[in-house]
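Residue strings, one per chain:
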Amino acid sequence: MTKPVVLIAEELSPATVEALGPDFEIRYCDGSDRASLLAAIGAADALLIRSATQVDAEAIAAGNHLKVVARAGVGLDNVDVKSATQAGVMVVNAPTSNIVSAAELAVALLLASARNIVPANIALKNGEWKRSKYNGVELSEKTVGIVGLGRIGVLVAQRLAAFGVKLIAYDPYVQPARAAQIGVRLVPLEELLRESDFITVHLPKTPETAGLIGEEQLTLVKPTMFLVNAARGGIVDEEALFRAISEGRVAGAGLDVYAKEPCTDSPLFGLETVVATPHLGASTDEAQEKAGIAVAKSVRLALAGELVPDAVNVQGGVLAEPIRPLQPVAERLGAIASGLALGAVQRIDVEVRGEVADLDVRILELAALKGVLQGLVHDPVSYVNAPVLAQQRGVEVALTTDRESDDHRNLVRVRLTLSDGSVVSVAGTVAGPKDTAKLVDIDGFDVDVPISEHMAFFRYHDRPGVVGAVGQILGEAQVNIGGMQVSRDESGEHAVIVLTIDSGVPAEVLERIVTEIGAHTGRAVDLAF
């Protein structure tokens, strides 16, 4: 059996390959060499990169077998996530791998700026003893303003607290009570700019944060203020910062990131009070190892056809443990509903009932959508592109939840509204110590049937001899029945047979059964497990 191909396009930690394990064929290329990348990516099922490889629409289109792009780090500026999503390619990163390393570097840049460590070091190595020239400032009792109190911002706050500083922060998405728990007072950005002796930036780069600290903001700060940016280039306007330092309106800066990278000729580099490093935030042995192991695990899941809930272009939210067994049930219910539909699907409603309704169950909606579309479209369907495919086809999708569930601890229902107004509805759950997937309702008929790889459904006017006829025809066709259940409506007139079988039912056999028993409908559904 051919092993999936994992293409490693940049130097990664040896622990990455070790975490991938023996189930893959590992290939290498130089991702910064465009021709080399495009030549190698065509055979790859997964692509592992860092920051030097540009994975744009052209590269994704060349990846005929590509299922996942894994960035061993945090930023995804070099990956065209939109094109990947359109192509059904999962994009994963390692969002927590470098947070400690990034926080420590920010603190290092702040200390280096405060104590003139870099120019003093250069002068001494040039044979100059300039002890009096490089007088610095203490952090103790100074005010440090943290712009962005996310995971890295919190780590920086915790580390700086040991220096006896006063901590203030600007972050419109953090509650004051949460900030107070770590000893930080939330303030508006303008107040932070006016009060801070040191400012350190820890925001993602978005259209809203680009240029957040520019010419106008730098007119508000103290002339003794030092600015640190180890987050993303472009959040701080570098030209405005250069002018402010040159004119004595800002004391200095510690920079690890730049608007355009690689950056080797910024005018900021000519200023003695600027400490500059070449984007070293994640450049520690520990961070690289964590990142490699994290994305290797995600690649294993993706290539096994399993859900990677923290993929950046999967809209399913967090896969909480109580939801996990219901996720494949929702997908199979979607496939069953799609297989039973006799017309174009106009709307998909996913209903989740029971205890899990208190949790984030968006992943069940996504799973059901994927299952439905697999039977309706010719394009490969994944957790990544299912919402895009539905939108392109004008299919509405809705999710409802309800804590009440009369008959089952948890229940997932998939309801399809077809273009002629008819409705197909199926519901399922998991039961027993092994979380066995079960079909418990089909268009209002109560059933209790394990969901299997091959199933068949017949609706008919109830009469004697139907069960025997179905069994005889399938037996003659060498199709073995694993299980069968008959359910009737309240009137007793209409019935449905649900079969689990060991193999698919040939179309001519299905048609023979429909004719023999006078069925309203007869459908065979094959599910991919």
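About the thresholds
- Residues numbered from 1 in each chain as written.
- Predicted model: local features only at pLDDT ≥ 70, side-chain atom pairs only at ≥ 80, totals over all residues.
- Heavy atoms only, no water.
- Pairing = 2+ DSSP bridges.
- Helix = DSSP H or I, 4+ residues; strand = E, 2+ residues; numbered from the N terminus.
- Axes fitted to C-alpha atoms, helices over the stretch in contact; angles between N-to-C directions.
- Contact = heavy atoms within 4.5 Å.
- Buried < 20%, exposed > 50% of the residue type's maximum accessible area, 1.4 Å probe, protein only.
- Lys, Arg positive; Asp, Glu negative; His and termini not counted.
- Salt bridge = Lys/Arg side-chain N within 4 Å of Asp/Glu carboxyl O.

Things to note about the sheet that holds strand β16 (residues 423–431)
Line of reasoning, step 1. Within the open sheet, the 6 strands sit side by side as β14-β13-β15-β16-β17-β18. Their pairing is mixed. At either margin of the open sheet sits one strand with a lone partner, and together these are β14 (396–402) and β18 (445–450). Across the sheet, the axes of successive neighbouring strands diverge by a mean angle of 20°, strand direction being ignored.
Line of reasoning, step 2. Relative to strand β15 (residues 410–418), strand β13 (residues 345–354) runs antiparallel, the two being bridged by 9 bridges. Note that in β15 the partner of Arg 347 across the bridge is Thr 417.
Line of reasoning, step 3. Those strands touched by helix α13 (residues 326–340) are β15, β16 and β17 (436–442), and its axis lies near 155° from that of β16.
Line of reasoning, step 4. Packed onto the sheet, helix α14 (residues 362–374) meets β13, β14 and β15 and runs at close to 140° relative to β13.

A closer look at the side chain of Glu 10
Line of reasoning, step 1. Relative to the helices and strands, Glu 10 is located in the loop between β1 (5–8) and α1 (14–20).
Line of reasoning, step 2. In this structure, Glu 10 is buried with no salt-bridge partner, the nearest side chain bearing the opposite charge being Arg 50 at 5.3 Å.
Line of reasoning, step 3. Those residues in contact with Glu 10 that lie beyond four places of it in its chain are Cys 29, Leu 48, Ile 49, Arg 50, Ser 51, Ala 52 and Thr 53.

A short note on the sheet that holds strand β2 (residues 25–28)
Line of reasoning, step 1. The 5 strands lie next to each other as β2-β1-β3-β4-β5, forming an open sheet whose pairing is parallel. Strands at the two margins of the open sheet, each flanked by one partner only, are β2 and β5 (90–92). For this sheet, the mean angle separating the axes of adjacent strands, direction not counted, is 20°.
Line of reasoning, step 2. The strands touched by helix α12 (residues 285–303) within the sheet are β1, β3 (46–49), β4 (68–71) and β5, with β4 carrying the most contacts at an inclination of about 170°.

Some details on the pattern of salt bridges
Pairing is possible between side chains that carry opposite charge, provided their charged atoms lie close to one another.
Line of reasoning, step 1. Across all of its chains, the model carries 30 salt bridges by this definition.
Line of reasoning, step 2. Two residues, Asp 56 and Arg 34, come together in a salt bridge whose shortest N-O distance is 2.5 Å. With a gap of 22 residues between them, Asp 56 in the loop between β3 and α3 (57–62) and Arg 34 in helix α2 (residues 34–41) connect regions that are remote in the sequence.
Line of reasoning, step 3. Exposure remark for Asp 56: the relative accessible area of 28% places this residue in the partly exposed category.
Line of reasoning, step 4. Between Glu 396 and Arg 347 there is a salt bridge whose closest N-O contact spans 3.0 Å. One end of the pair, Glu 396, is in strand β14; the other, Arg 347, is in strand β13, and 49 residues separate them in sequence.
Line of reasoning, step 5. The structure contains a network of salt bridges with shared partners spanning Glu 351, Arg 353, Asp 402, Arg 413, Arg 415 and Asp 441.

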